[in-house]
Amino acid sequence: MNTAILLGAGSSVAAGFPSTSNLTERVLSGTGVKRHTDESYFIEGTELPDGTTLIVNSIARRLYAKAERYYSEYGGRQVNYEDIFYLAMQASDDLTGEMENPAVRPFVDEIRADMLSIVESCRISDLESMQSHELTADTSTSGPELFWEAAENLDSSDLDSLPMKTSNYIADIVWRSLCHDPEPDCLSHLNLIVHSCKNADVTSISTLCHDTHVEKFLIEQGIALSDGFTEPQNDVRYWNGDFASNVPFIKLHGSVNWFRLRPEESDWYDERIGVPVNGDYWHTRTDSDVLQRPLDGRPLLLIGTFNKIATYSSGIFRELHYQFRSSINKADQMVICGYSFGDKGINEEIIEWYYHKRGRRLVIIHPDPEGLVENARGAIRNKWDDWKDSGSIKRISKKIEDVCLDEFEEVITCSGL
């Protein structure tokens, strides 16, 4: 039976990578985060953040509070860093004229007033006044002088740029938190995927994860993958969109090692997306030995909620989602692990795949499948009982690291529905 595999962010937790809640806590705390001269943010220890970081951290926490109030009344779910990122991008897109939405304008006006209050509060140099100020009570322990130094020369144009700076702050914390090797001896659960590739007809392995541990492990185990990038050219693998040679490995939300690279003294025409083989994304060189720089100083990632859907149809992600759609349509079953059914765009792809041909089925690996569907978006949740009653959902009610190979093989090789 042809099988497509879809991995969500939760599938990386078993390898020692931070969960969504862990990343959210790190974004909200800001502990050890420092802003460098290239306007990117690093995690450098446990010392207090600099003034600019404290400002964007305060904005992130304010956005979190707004989202939390909303979901406590209407959504009933826990807010995470992707919700904060989405709100920050909505404000940024409106303030910069990138997107126009009259319904969003009152929210943006409120956010702008909040930012102004935060910045004005940051100018208060008296500790007692800072501690008593309602808007910054949650950051007063960091010391007013840091706020004051960063805010004293801020003008209105700088104020309008703060939502984007907040988005960059979140993105940098996320990707730097994921740029490490997996925990030793914590990769045995990936043997399920290795077994599938060696013993079943796997049409693709798609992942929403940004880290790189899955593809590295599979390659080490002798699984030949096509990820859309060339073989190394001067220590850089460049995007060419080729997935035809081996098992397609499709990273739908980007990767911590994908960078937009442009040669010095060049322009948009010569820009390419590449993977620096040695990890040094600041000093790659073209085939003609010209130094090229990462345009953004950060990798190409998709973060957020509904803002992702618009990006699915542009640039490299347009091709990735085309490949995803094409490869899953060759499969009779889809194995899903670590995905919460929270991405509207991905959910639509799953639903269209399911109804495109009768007899298709889902294999769900999750310790609490009923809780999973309860928190899923309505498009999936409202169809779940019908799918289950028809026998087209097979469940393995365990964490992936607790699933034994025989149990997994029995489920995915079962021919009847």
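Here's a quick rundown of the structure. None of the values given here were measured: they were computed from a predicted structure. (Residues numbered from 1 in each chain as written. Predicted model: local features only at pLDDT ≥ 70, side-chain atom pairs only at ≥ 80, totals over all residues. Heavy atoms only, no water.)

In this section: the overall build of the chain. Along the chain, the regular secondary structure elements total 15 helices and 14 strands. Out of the 417 residues belonging to the chain, those deemed buried represent 50%. Look at the contacts in the chain between residues 6 or more apart in sequence, and 70% of them connect residues 24 or more apart. Carbon and sulfur atoms make up 47% of the accessible area of the chain, which totals about 19500 Å². (Helix = DSSP H or I, 4+ residues; strand = E, 2+ residues; numbered from the N terminus. Buried < 20%, exposed > 50% of the residue type's maximum accessible area, 1.4 Å probe, protein only. Contact = heavy atoms within 4.5 Å. Areas by Shrake-Rupley, 256 points an atom, 1.4 Å probe, with all protein chains shown as cover.)

With that settled, consider the sheet that holds strand 11 (residues 291–294). Across the sheet, which stays open at both edges, the five strands sit in the order 6-9-8-11-10 with antiparallel pairing between neighbours. Edge positions in the open sheet fall to strand 6 (236–238) and strand 10 (284–285), since each of these has one partner strand only. Bridge count between strand 6 and strand 9 (residues 272–276): three bridges; the pairing is antiparallel. Within the sheet, the bridge partner assigned to Tyr-238 lies in strand 9 and is Gly-274. (Pairing = 2+ DSSP bridges.)

Phi at Asn-234 takes a positive value of approximately 55°, unusual for a residue other than glycine. Structurally, Asn-234 can be placed in the loop between strand 5 (225–226) and strand 6. If you check the backbone angles, Asp-235 has positive phi at about 70° while not being a glycine. Structurally, Asp-235 can be placed in the loop between strand 5 and strand 6. Judged by its relative accessible area of 47%, Asp-235 is partly exposed.

We now examine the pairing of strand 7 (residues 247–251). When you tally the buried positions in strand 7, you get five out of five residues, the bulk of the element. Here strand 7 shows no split at all, with Val-247, Phe-249 and Lys-251 on one side and Pro-248 and Ile-250 on the other all buried. Pairing analysis gives three bridges linking strand 4 (residues 202–207) to strand 7, with the strands arranged parallel. Paired with Thr-207 across the bridge in strand 7 is Lys-251. Pairing analysis gives two bridges linking strand 5 to strand 7, with the strands arranged parallel. In the strand pairing of strand 7, Leu-225 is matched with Val-247.

Let us now look at the packing of aromatic side chains. Applying the stated criterion to the full structure yields 16 aromatic pairs. Note on Phe-229 and Trp-258: the rings are 5.2 Å apart at their centroids and 50° apart in plane angle, and the pair reads as tilted. Note that Phe-229 is positioned in the loop between strand 5 and strand 6 and Trp-258 in the loop between strand 7 and strand 8 (259–263), a separation of 29 residues in sequence. On the accessibility criterion, Phe-229 (7% relative accessible area) is buried. Summarising the aromatic geometry, the rings of Phe-341 and Trp-384 are spaced 6.0 Å apart at their centres and angled 75° between planes, so their arrangement reads as edge-to-face. Separated by 43 residues along the polypeptide, Phe-341 in the loop between strand 12 (333–337) and helix 12 (344–356) and Trp-384 in helix 14 (residues 378–389) bring together distant segments of the chain. Counting every residue linked through ring pairs, the aromatic cluster contains Trp-175, Phe-259, Tyr-281 and Trp-282. For Arg-262, the ring lying beneath its charged end belongs to Trp-268, and the centroid distance is 4.6 Å. (Phe/Tyr/Trp six-rings, centres within 6.5 Å; stacked < 30°, edge-to-face > 60°. Lys NZ or Arg CZ within 6 Å of the ring centre and 35° of its normal.)

Moving on to helix 2 (residues 51–75). Its 25 residues place the ends of helix 2 34 Å apart at the C-alpha level, agreeing with the 36 Å of an ideal helix rising 1.5 Å per residue. Just beyond helix 2, the residue with positive phi is Gly-76, at close to 70°. (Expected span 1.5 Å × (residues − 1).)

Moving on to the pattern of salt bridges. All chains considered together, the criterion is met by 23 salt bridges. Arg-77 is paired through a salt bridge with Asp-83; the nearest N and O atoms lie 2.7 Å apart. We note a salt bridge from Arg-298 to Asp-172, for which the minimum N-O separation is 2.7 Å. With Arg-298 in the loop between strand 11 and helix 10 (307–311) and Asp-172 in helix 7 (residues 156–178), this pair connects stretches of sequence that are 126 residues apart. Here Arg-298 and Asp-172 have matching classes, each one buried. Among the charged side chains, a salt-bridge network with shared partners connects Arg-62, Lys-66, Glu-110 and Asp-114. (Salt bridge = Lys/Arg side-chain N within 4 Å of Asp/Glu carboxyl O.)

The subject of this paragraph is the sheet that holds strand 7. The seven strands are arranged 5-7-4-1-12-13-14 in an open sheet whose pairing can be described as parallel. Of all the strands in the sheet, just strand 5 and strand 14 (393–396) have a single pairing partner and so form its edges. Contacting strand 1 (3–7), strand 12 and strand 13 (361–365), helix 12 runs over the sheet at an angle of about 155° to strand 12. (Axes fitted to C-alpha atoms, helices over the stretch in contact; angles between N-to-C directions.)

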